[in-house]
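An overview of the molecular structure
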2 protein chains.
Amino acid sequence: MAIGLKFSIIIFSLFSMIDFTFTFSHTKPQPRFPSSPLHPELQLSSASDEKNLYKTKYFTQILDHFNYNPQSYQTFQQRYLINDTYWGGFKNNAPIFVYTGNEGDIEWFTQNTGFMFEKAPHFKALLVFIEHRYYGKSIPFDGDKNIAYANSSTLGYLSSTQALADYATLIIDLKKNLSATDSPVVVFGGSYGGMLAAWFRLKYPHVAIGALASSAPILHFMDVTSPYVFNNIITQDFRSVSENCYKVLKGSWKLIEDTFSKKGGPKLLQKTFRICNNDYDPDSLEGWLQTAWIYAAMTDYPTPSNFLNPMPAYPVRKMCEAIDRSSTWNNNNNNTLDKLYGAANIYYNYTGTVKCFDLNDDSDPHGLQEWQWQACTEMIMPLGSNNKESIFPESKWYYDDRSSYCQYAYNVTPRPHWITTEFGGHDIKKVLRRFASNIIFFNGLRDPWSGGGVLENISKTIVAIVAKEGAHHVDLRFSTKEDPKWLKDIRKQEVKIIASWIKQYHEDLKFNN
Amino acid sequence: MAIGLKFSIIIFSLFSMIDFTFTFSHTKPQPRFPSSPLHPELQLSSASDEKNLYKTKYFTQILDHFNYNPQSYQTFQQRYLINDTYWGGFKNNAPIFVYTGNEGDIEWFTQNTGFMFEKAPHFKALLVFIEHRYYGKSIPFDGDKNIAYANSSTLGYLSSTQALADYATLIIDLKKNLSATDSPVVVFGGSYGGMLAAWFRLKYPHVAIGALASSAPILHFMDVTSPYVFNNIITQDFRSVSENCYKVLKGSWKLIEDTFSKKGGPKLLQKTFRICNNDYDPDSLEGWLQTAWIYAAMTDYPTPSNFLNPMPAYPVRKMCEAIDRSSTWNNNNNNTLDKLYGAANIYYNYTGTVKCFDLNDDSDPHGLQEWQWQACTEMIMPLGSNNKESIFPESKWYYDDRSSYCQYAYNVTPRPHWITTEFGGHDIKKVLRRFASNIIFFNGLRDPWSGGGVLENISKTIVAIVAKEGAHHVDLRFSTKEDPKWLKDIRKQEVKIIASWIKQYHEDLKFNN
């Protein structure tokens, strides 16, 4: 697809495909994000109801936990959201549920983690959602993004180990202030937040008694998980609906390129896909479509949702239905393009309100963009497509491409082995079967990130819950009346396990006192 | 004792009392160290034999593992010593024993960790001793101590978390280079090195299958262990020998001050204690004596030793014998001073070669002095004396004293709760009984540091081995023919436990393959 001196690098934030197709003459590439969503339930509620979900607080956090030079002592205001409606109080050593925030605005994650709100009454739990440094309103350097994001000197403090130390520091201080030092803490997180939750339990067992790590691809690193498993899962998601759908998607890239190169082709594509600007390039269109297929697979939820974009239940199936509608591949190219548009529309325009699409839309409603820095330093999660079966164009994973990009974008060299050095990953079963406890790894197998997840039980207390029909941290979402039985069962299972941790903790507490 | 605007702060490196008695008019106080020792066996051996103990290598280590600013990418040469004489090789997945170096020259610790050399043939183990950053020859900033030690900007990278990450990085790289990725690693350490070994197993279970943490006071932190337990143990060590010895030591401070204030007193003291310089101050003399009692207690080994200074077996008993010799307290002051000198002489001059003593001797043969920085940042290990029973003068622990000193010396504010935030400590039994595995905590109860050690079994695989008659990591020392049965038994027990870890690991390896 790409011609000349061009690098085509796709860095996925766990929630946002950042398509780093760029040439050296390009300006710094920007991630492309879908338009702003809120959880449907929350969207329906008024602003004041939303406020009642939680109170916003700030904690004075230290800039660098692992260094003692003068700069390290700088502080910043770290935002956290708190809800004590259901808390049983420190006198009862009632539990504290903490969400370990991911790469974006904590309000967004909070509003999409209904599980914690819905289960808090049962557990009499205090709810705390902590924002990850450098995201949302938790910006070092006096909250000034112009400084914080300026270059590697100021971005340098954005790392997973610093974030985990932030959480430990904040939680310990909060418990002390609440006189709740004996209240057990359970950490929750989805996606990168789930990785942080699992790592937090592993690194700070004295702070958290257990972790629910949902859709946490902690194994999606170099030399641990194949770069190609992600796209293979997406391929399988679509192929399992229909062979025709699979073939249409697979053939679409050549079709688009062929059409584009014909006379009148660019105009036809522009019209078919309702592209706003005339001078788009076909790579943008292809990236735009890939984004739709990827996020449909990630959020292939069993009920209508509005996590990334408003979408119907089982959007992958819906997309394939749009493609399969009364024709087969290659009968009529124009018709095929229409169908591709119809499928993409399910992701981009399910409400039918968009008039035309800006393929290079770089709006970032959830404030995810600094993931790009993390992906250039330690979060080297290889992704590519080499399988002949893939619905995506071939795009081999080369570490050097990432490295070159990061040099270009930030003048920084990634440390591709740091995450596995710090947190492990190789032979995880062998390492953890006789070490650690109390972690639930949830994965939905429709979710392409499940390829880097923990899919087998490691020990009696480090368990994998796998939902064949599940997608990206579906378990953590607000429940709906339409939830299928398997999803209800999984949530029950998670509640049961978490309850057993807390019960054990309280017994140990009595025993020790 | 102290008059005027004077702070009397004692910071103990685990091997070196750093007496920070200072006034604001003083220059930066220097630690006082005993003269150079080598292990007796090693002292007897020729230089070439010493060389045969290990080969010296260097590893290019990154300056800051937790930050990605340009400065963090600087590297330094980290020294490690290696002995492959006994290694069973990567094909047999033979084990690797790693010593996690403490706050000093790694050669010194290596030469005092005979246990690893003596057990290596049995285990067919590769031996590796890694030097701690900022000590010995492992100095950042091109090995230039003038830069590395200059101020908090360059010293900032000296921290325990950075050191642990160094060890993980080096070990993973070494195993890869040796094609030994499946060889199990067991970490060993004594004192601060033992703390690092235990913490390494807790934080890097994917790198080390187990840890022997000898005399590791991981609980000797604020709000976990009393600041006074250290001196109380020393008091008990001496008092258990004889009540008279205890009384003489306890009364000695007043005796010295009274004598000093009398006409001719300073001269008398100078002569009695063979003090080189005329204008010494009585605080220095008292510090000099305290050092002797403290180190006698710490290294109250059952056989002659030469760890800190050459000393006879059971030096505490020997000191009390010198004091108890045919007189009782207060019969004759001059005679009492002579006896105190005789006792101190057992520590300072057992070989009888020293003509006079420089009370302010700041030689530092083992390169321990940067502990002072660690004690001013994260290693806030409270020590003091408030007990009426103590043999030491009253010296209450005030965190503010430490903090003021550190401000004065480095313009740095300590982070007194960081170590317990990062590594835990509170309720360790409750936290670890259901988390982690494979740690031996050895403690000898004569060792004052045992007060901050783990003295009870935590679980089946996190065990405390406690030797009533043991001193500071006596188990790790070279064996001698005169070793008592209890010491032999303890080493056997340690070998048995370590063997069980390795056996289990090899079984798991087979099972997983």
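Residues numbered from 1 in each chain as written. Chains lettered and ligands numbered in written order. Predicted model: local features only at pLDDT ≥ 70, side-chain atom pairs only at ≥ 80, totals over all residues. Heavy atoms only, no water.

For chain A, the name recorded in an unreviewed UniProt entry is Putative lysosomal Pro-Xaa carboxypeptidase, with Lupinus albus as its organism.

Moving on, we come to the overall build of chain A. When helices and strands are counted, chain A shows 19 helices and 10 strands. Split into buried and exposed, the 513 residues of chain A put 64% on the buried side. Considering only contacts in chain A between residues 6 or more positions apart, those separated by 24 or more positions represent 73%. Only carbon and sulfur atoms are counted for the fraction: they give 50% of the accessible area of chain A, which is about 19000 Å². (Helix = DSSP H or I, 4+ residues; strand = E, 2+ residues; numbered from the N terminus. Buried < 20%, exposed > 50% of the residue type's maximum accessible area, 1.4 Å probe, protein only. Contact = heavy atoms within 4.5 Å. Areas by Shrake-Rupley, 256 points an atom, 1.4 Å probe, with all protein chains shown as cover.)

Scanning the entire structure with this criterion turns up 34 salt bridges over all chains. We note a salt bridge from A:R79 to A:E107, for which the minimum N-O separation is 3.4 Å. Of the two residues, A:R79 is situated in strand β4 (residues 75-83) and A:E107 in helix α3 (residues 106-111); the sequence distance between them amounts to 28 residues. A residue is classified by how much of its surface remains accessible, and A:R79, at 2% relative accessible area, is buried. Classification of A:E107 as partly exposed rests on a relative accessible area of 25%. Between B:E243 and B:R239 there is a salt bridge, with its nearest N and O atoms 2.9 Å apart. When salt bridges with common partners are traced through the structure, they connect A:R79, A:D105, A:E107 and A:E131 into a single cluster. (Salt bridge = Lys/Arg side-chain N within 4 Å of Asp/Glu carboxyl O.)

Residues and elements named next belong to chain B. For helix α11 (residues 265-272), the complete set of buried residues consists of G265, L269, Q270 and T272. Seen from one end, α11 has its buried residues packed into an arc of 170°, which puts them on one side. Of the exposed residues in α11, the ones pointing more than 90 degrees away from its buried face are K267 and K271. Among the residues trailing α11, R274 stands out with phi positive, at a value near 50°. (Arc of directions from axis to C-beta.)

The next subject is the sheet that holds strand β6 (residues 126-130) of chain B. Residue and element names in this part refer to chain B. Spatial strand order, β3-β4-β6-β5-β7-β8-β9-β10: 8 strands in an open sheet with mixed pairing. Either end of the sheet is taken by a strand with one partner, and the two such strands are β3 (55-62) and β10 (462-467). This sheet shows a mean twist of 20° between the axes of neighbouring strands, independent of strand direction. Along the sheet, helix α8 (residues 192-203) contacts β5 (96-100), β7 (185-190), β8 (210-214) and β9 (439-444); its crossing angle with β7, the most-contacted strand, is approximately 150°. (Pairing = 2+ DSSP bridges. Axes fitted to C-alpha atoms, helices over the stretch in contact; angles between N-to-C directions.)

The subject of this paragraph is the sheet that holds β4(A). Residues and elements named next belong to chain A. Pairing in this open sheet of 8 strands is mixed, and the strands run β3-β4-β6-β5-β7-β8-β9-β10 from one edge to the other. With one partner strand each, in any of the chains shown, β3 (55-62) and β10 (462-467) form the two edges of the open sheet. Each strand axis lies, on average, 20° off the axis of its neighbour in the sheet, ignoring direction. One ladder, built from 8 bridges, connects β3 with β4; its direction is antiparallel. The residue of β4 that forms the bridge with T56 is L81. Relative to the sheet, helix α4 (residues 114-123) contacts β4, β5 (96-100), β6 (126-130), β7 (185-190) and β8 (210-214), its axis offset from that of β6 by approximately 150°.

What follows deals with the state of the cysteines. Residue and element names in this part refer to chain A. Considering all chains together, one arrives at 6 disulfides over all chains under this definition. The disulfide bridge from C245 ends at C320, spanning 2.0 Å between sulfur atoms. Judged by the torsion about the S-S bond (-65°), the C245/C320 disulfide is left-handed. Taken together, the residues C245 in helix α10 (residues 243-261) and C320 in helix α13 (residues 315-324) connect sequence positions 75 residues apart. Each of the two residues, C245 as well as C320, counts as buried. If one numbers only the bonded cysteines of chain A, in the order they occur, the disulfide pattern is 1-3, 2-4, 5-6. (Disulfide = S-S within 2.5 Å.)

On to the nonpolar core, then. Inside soluble globular proteins, nonpolar side chains tend to come together where they are buried. A:F238, A:W293, B:F238 and B:W293 are the most contacted members of the largest nonpolar core, which totals 327 residues. For A:W293, the residues in contact, after removing those within four places along its chain, are A:I234, A:F238, A:L249, A:W253, A:M319, A:L340, A:A343, A:A344, A:I391 and A:F392. In terms of nonpolar packing, the next biggest core, distinct from the first, is built from 5 residues, A:M222, A:Y228, A:W397 and A:Y399 among them. (Core = buried A, V, L, I, M, F, W, Y, C linked by side-chain atoms within 4.5 Å.)

Take the interface of chain A and chain B next. The interface of chain A with chain B comprises 55 residues on the first partner and 55 residues on the second. Between chain A and chain B, the buried area comes to about 4700 Å², and carbon and sulfur atoms account for 52% of it. It is A:Y68, A:R415 and A:F435 that lose the most area in chain A upon contact with chain B, and together they represent 19% of the buried surface on that side. Our count for the chain A to chain B interface comes out at 6 salt bridges. (Buried area = accessible area lost by both parts, 1.4 Å probe.)

Moving on: unusual backbone geometry. Of note in this structure, A:R274 is not a glycine but carries a positive phi near 50°. Positionally, A:R274 belongs in the loop between α11 (265-272) and α12 (282-298). In this model, B:D142 sits at a positive phi of 55°, which is unusual for a non-glycine residue. Locating B:D142 in the fold gives a position in the loop between β6 and α5 (145-148). When its relative accessible area of 78% is taken as the criterion, B:D142 is described as exposed.

Residues and elements named next belong to chain A. Segmenting chain A into domains produces domain 1 (55-221 + 418-512) and domain 2 (228-349). If you average the C-alpha positions of domain 1 and of domain 2, the two centres end up 35 Å apart. Listed by partner, the interface residues are 22 residues for domain 1 and 17 residues for domain 2. Together domain 1 and domain 2 conceal approximately 1600 Å² of surface at their shared face, both sides included; 67% is due to carbon and sulfur atoms. When the buried area of domain 1 at its contact with domain 2 is split by residue, R446, P448 and R477 rank highest and sum to 37% of it. Here domain 1 is connected to domain 2 by 1 salt bridge. The interface formed by domain 1 and domain 2 contains 3 residue pairs in polar contact (both at pLDDT 80 or more). Here the side of domain 1 that touches domain 2 is composed, by residue class, of 9 nonpolar, 7 polar and 6 charged. (Domains from an automatic or database assignment. Polar contact = N/O pair within 3.5 Å; in protein donor to acceptor, adjacent residues only side chain to side chain. Nonpolar A, V, L, I, M, F, W, Y, C, P; charged D, E, K, R; others polar.)

Quick look at helix α16 (residues 399-410) of chain B now. Residue and element names in this part refer to chain B. Between the first and last C-alpha of α16 there are 16 Å, a value that for 12 residues agrees with the 16 Å anticipated at 1.5 Å per step. Every buried residue belonging to α16 is among R402, S403, Y405, C406, A409 and Y410, and all of these are buried. Considered in projection along α16, the buried side chains sweep an arc of 165° and stay on one side of the axis. Once α16 ends, the next one or two residues include N411, with phi positive near 60°. (Expected span 1.5 Å × (residues − 1).)

Moving on: the packing of aromatic side chains. Residue and element names in this part refer to chain A. In this structure the tally under the stated criterion is 58 aromatic pairs over all chains. Among the aromatic residues, ring-to-ring pairing joins Y99, W108, F109, F117, F129, F307 and F478 into one connected group. Lying over the aromatic face of Y246, R239 brings its terminal NZ or CZ to 3.9 Å of the ring centre. The ring of Y314 carries the charged tip of R317 above its face, separated from the ring centre by 4.4 Å. (Phe/Tyr/Trp six-rings, centres within 6.5 Å; stacked < 30°, edge-to-face > 60°. Lys NZ or Arg CZ within 6 Å of the ring centre and 35° of its normal.)

What follows covers a nonpolar patch on the surface. Side chains of A:L445, A:L455 and A:V466 sit close together on the surface and give an oily, nonpolar patch of about 200 Å² of accessible area. With respect to the helices and strands, A:L445 occurs in the loop between β9 (439-444) and β10. (Patch = residues over 30% accessible without salt bridge, like charges linked within 9 Å, V, L, I, M, F, W, Y side chains within 5 Å.)

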